[in-house]
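# Architecture and fold: a report
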Amino acid sequence: METTVKVAVVGAGAAGLCALRHLTSSEHVASRHRFEVTCFEQSSRVGGTWIYTERTGSDQNGLPVHSSMYKNLRTNLPVQCMAFPDFPFKSTRPSFVTHEVVLDYLEDYASQFDLFKHIKFQTLVKWIQPVNMQSELKKLQWEVTTCDVVNKIEHQPELFDAILVCNGHYADPMIPDIPGMETYSGQVYHSHDYRVPETFSDKVVVILGAGMSGQDIVFELSPLAKWVYLSHNQRPLTSNLPENLTQKPGIKKITGSFVHFLDGSQVMTDVVLLCTGYNYKYSFLAPQCGLKVVDGRVTGLYKHLFCTKCPSLAITGVCRVILPFPLFDFQVRLFRSVLEGTCVLPSKVSMDEDTENDYRKRLEEGMPHRYAHIMDSRQFSYTNDLADMTKTSRLSPFYSQLYYMCNDLRQQDLANYKNCNFTINEAGDVVLLSAEDLY
Ligand code: FAD
């Protein structure tokens, strides 16, 4: 007998689309399960963070602007290893593309797999809570309350059997607590609100944070800014850097227009641009779910995915420093297998133990607490694990080859690595085609 499983997906960005693609696919003909999937998306389009907007602050419906894209952004990964494993980009030259190309790709993906009909646009998920949690007779379900963001009308709650949260985690800026920041006479921005470099023309700018955004924005701003200070506590960047750039350690305090650094130096500045990352935010999940965000760690998640207290709830994309689309693909297919019963998760105790072991190992390696979901080189054994659990093929080796090659090129020449082009040869190996302007 066929069982219908009602699934709610929160968000129609890359992860939500991937969820729809696999949960609505009829490729699993042997499955006794039919998924009835509804995706709730607060905006009017698919693509999530890839929908560039000039707006900052709130959108036309009064909701916080979701996208963190800036006008001139080109991807920091080549399209060959950005793509979902079953849906390559149409063209791979150039390999590093603009945000428009990625948005087109995601729209094509949605069309190709006929996903639009499952999406309720302009519908915000306000609250998700488990029902029948204590009952021994009734199965656990989820009550989902949504709202029409245009007319501000709350809908009647709907019941679902499973929830996949795909709300992204680059929308809620992490603002560090810097002593004296409230007294700063200059302007403070977060990279979430960074759009164009012209805003910083002739200004003395301190960029705080040398992660991917900080590194990228340095090269955008420098040609226009008077001077740029890149403040961070990592090893100094050694790549060829702009001439009007000085690296500094972290910020100690701010007084008036002066930014004081941890080495005791101070500079008079016009702007502080915080490239300090983002918070995980799941304020629509009821506390009974048992998930908490503690200093950048989402506790109570098995394999960074399943809620150990109620595993019919999962969150995609919590992992950081990854190949996002391929990783989503493996996570979503595992979620499907668990709902189908072709993969049986361990007991809650074992899942919690596995999670704690992973966390403890990271601490033993000297990682700070907030790196609990950083994957980097771990991501490939992680996706292999997920593939093995779903009994499907692993990620093709060229993904990791290209990931590491790209990391090396970035370290060697931060300014120009995006001019490289790649191809995958018949043997499945990555070939660097051209490295115009490199070094
Ligand atoms: P999102 O794209 O953020 O989508 C989440 C969706 O959920 C949104 O549409 C949002 O409107 C919706 N939503 C949120 N909350 C609710 C709610 N309560 N109710 C209804 N809907 C909701 N990745 C790469 O692979 N290559 C890159 O080069 C790259 N560059 C990046 C550059 C920047 C500046 C940023 C911010 C990210 C970059 N990424 C890059 C990472 C990118 O976030 C992922 O590739 C991916 O797009 C994340 O997809 P997602 O679906 O998890 O989240």
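A brief report on the enclosed structure follows. (Residues numbered from 1 in each chain as written. Predicted model: local features only at pLDDT ≥ 70, side-chain atom pairs only at ≥ 80, totals over all residues.)

### Let's talk about the overall build of the chain
A tally of helices and strands in the chain yields 8 helices and 23 strands. Here the C-alpha atoms of the chain give a radius of gyration of 23 Å, agreeing with the 22 Å that 2.2 N^0.38 yields for 439 residues. Looking at the 439 residues of the chain, the share that counts as buried comes to 38%. Residue pairs in contact within the chain that sit at least 24 positions apart in sequence constitute 61% of those at least 6 positions apart. (Helix = DSSP H or I, 4+ residues; strand = E, 2+ residues; numbered from the N terminus. Rg over C-alpha atoms; globule rule 2.2 N^0.38 Å. Buried ≥ 20, exposed ≤ 12 C-beta atoms within 10 Å, placed from the backbone. Contact = placed C-beta atoms within 7 Å.)

### Re the sheet that holds strand β13 (residues 251–255)
Pairing within the open sheet is antiparallel, and its 3 strands lie in the order β13-β14-β15. Each having just a single partner strand, β13 and β15 (266–268) make up the two edges of the open sheet. Strand-to-strand twist across the sheet, computed as the mean angle between neighbouring axes with direction ignored, equals 20°. The pairing of β13 with strand β14 (residues 258–261) spans 4 bridges and is classified as antiparallel. Within β14, the position partnered with T255 by the bridge is F258. (Pairing = 2+ DSSP bridges. Axes fitted to C-alpha atoms, helices over the stretch in contact; angles between N-to-C directions.)

### Some thoughts on the site of the ligand
Surrounding the ligand, one finds 32 residues, the nearest of these being G11, G13, G48, T75 and G168. For the shell around the ligand, the elements supplying multiple residues, two or more each, are α1 (14–23), β4 (123–131) and α5 (324–340). Split by residue class, the shell around the ligand holds 16 nonpolar, 15 polar and 1 charged. (Near = placed C-beta within 6 Å. Nonpolar A, V, L, I, M, F, W, Y, C, P; charged D, E, K, R; others polar.)

### Topic: the environment of V101
Looking at where V101 falls in the secondary structure, it is placed in helix α3 (residues 99–112). Here V101 falls in the partly exposed class, since 17 other C-beta atoms lie within 10 Å of it. Put simply, V101 and K90 are 11 residues apart on the chain and 9.7 Å apart in space, counted from C-alpha to C-alpha.

### Section: the packing of α1 against α5
For any two helices packed against each other, one specifies the inter-axial angle together with the distance between the axes. It is the contact of α1 with α5, at a shortest axis distance of 9 Å, that shows an interaxial angle of 40°. Comparing the axis directions of α1 and α5 gives the class oblique. Considering how the two elements wind past one another, α1 and α5 form a crossing that is right-handed. On α5, the residues touching A14, A15, C18, A19, H22 and L23 of α1 are P324, F325, F328, D329, V332, R333 and R336. (Parallel < 35°, antiparallel > 145°, perpendicular 65-115°, else oblique. Left-handed = near helix turned anticlockwise from the far one by under 90°.)

### Considerations on the packing of α5 against helix α7 (residues 378–390)
At a closest axis distance of 9 Å, the pairing of α5 and α7 adopts a crossing angle of 30°. On the basis of their axis angle, the class for α5 and α7 is roughly parallel. In this structure, the crossing between α5 and α7 has a hand that is left-handed. For the pair α5 and α7, contact is made by P326, L327, F330, Q331, R333, L334 and S337 and by Q379, T383, L386, A387, M389 and T390, respectively. When grouped by side-chain class, the residues that make up the contact of α5 with α7 number 7 nonpolar, 5 polar and 1 charged.

### Considering the pairing of strand β5 (residues 141–148)
Both β4 and β5 contribute to a ladder of 8 bridges, which runs antiparallel. By the bridge assignment, Q129 is partnered in β5 with E143. As paired strands, β5 and strand β7 (residues 158–160) are joined by 3 bridges and run antiparallel to one another. Opposite E143, over in β7, you have L159 as the bridge partner. In the sheet, β5 pairs with strand β6 (residues 153–154) via 2 bridges, with the strands oriented antiparallel. Residue pairing across strands places D148 opposite I153, the latter belonging to β6. Counting the residues between successive antiparallel strands, the hairpin from β5 to β6 contains 4 residues, one of them, K152, with a positive phi of roughly 55°.

### Digging into the nonpolar core
In terms of nonpolar packing, the biggest core is built from 109 residues, with V9, L17, L106, L164 and I207 touching the most fellow members. No other element matches α5, which puts 9 residues into this core. (Core = buried A, V, L, I, M, F, W, Y, C linked by C-beta atoms within 7 Å.)

### Structural notes on the environment of P64
Mapped onto the elements of the fold, P64 is located in the loop between β2 (33–40) and α2 (79–82). Spatially, the C-alpha atoms of P64 and V102 are 22 Å apart, while their sequence positions differ by 38 residues. With residues near it in sequence (within four places) discarded, P64 still touches S58 and A171.

### Here's the deal with the sheet that holds strand β11 (residues 227–231)
Strand order in the open sheet made by the 5 strands is β9-β16-β10-β11-β12, with parallel pairing throughout. The two strands at the open ends of the sheet, each matched to only one other strand, are β9 (187–190) and β12 (245–248). Adjacent strand axes in the sheet meet at a mean angle of 20° when their direction is disregarded. Relative to β11, strand β10 (residues 204–208) runs parallel, the two being bridged by 5 bridges. Bridge pairing in β11 links V206 to Y229.

### Looking at unusual backbone geometry
Omega for the peptide link from R93 to P94 comes to 0°, which places this bond in the cis form. Looking at the secondary structure, you find P94 in the loop between α2 and α3. For K152, which is not glycine, the phi torsion reads 55° and is therefore positive. With respect to the helices and strands, the residue K152 is situated in the loop between β5 and β6. Of note, D202 is a non-glycine position whose phi angle comes to about 60°, a positive value. Along the chain, D202 falls in the loop between β9 and β10.

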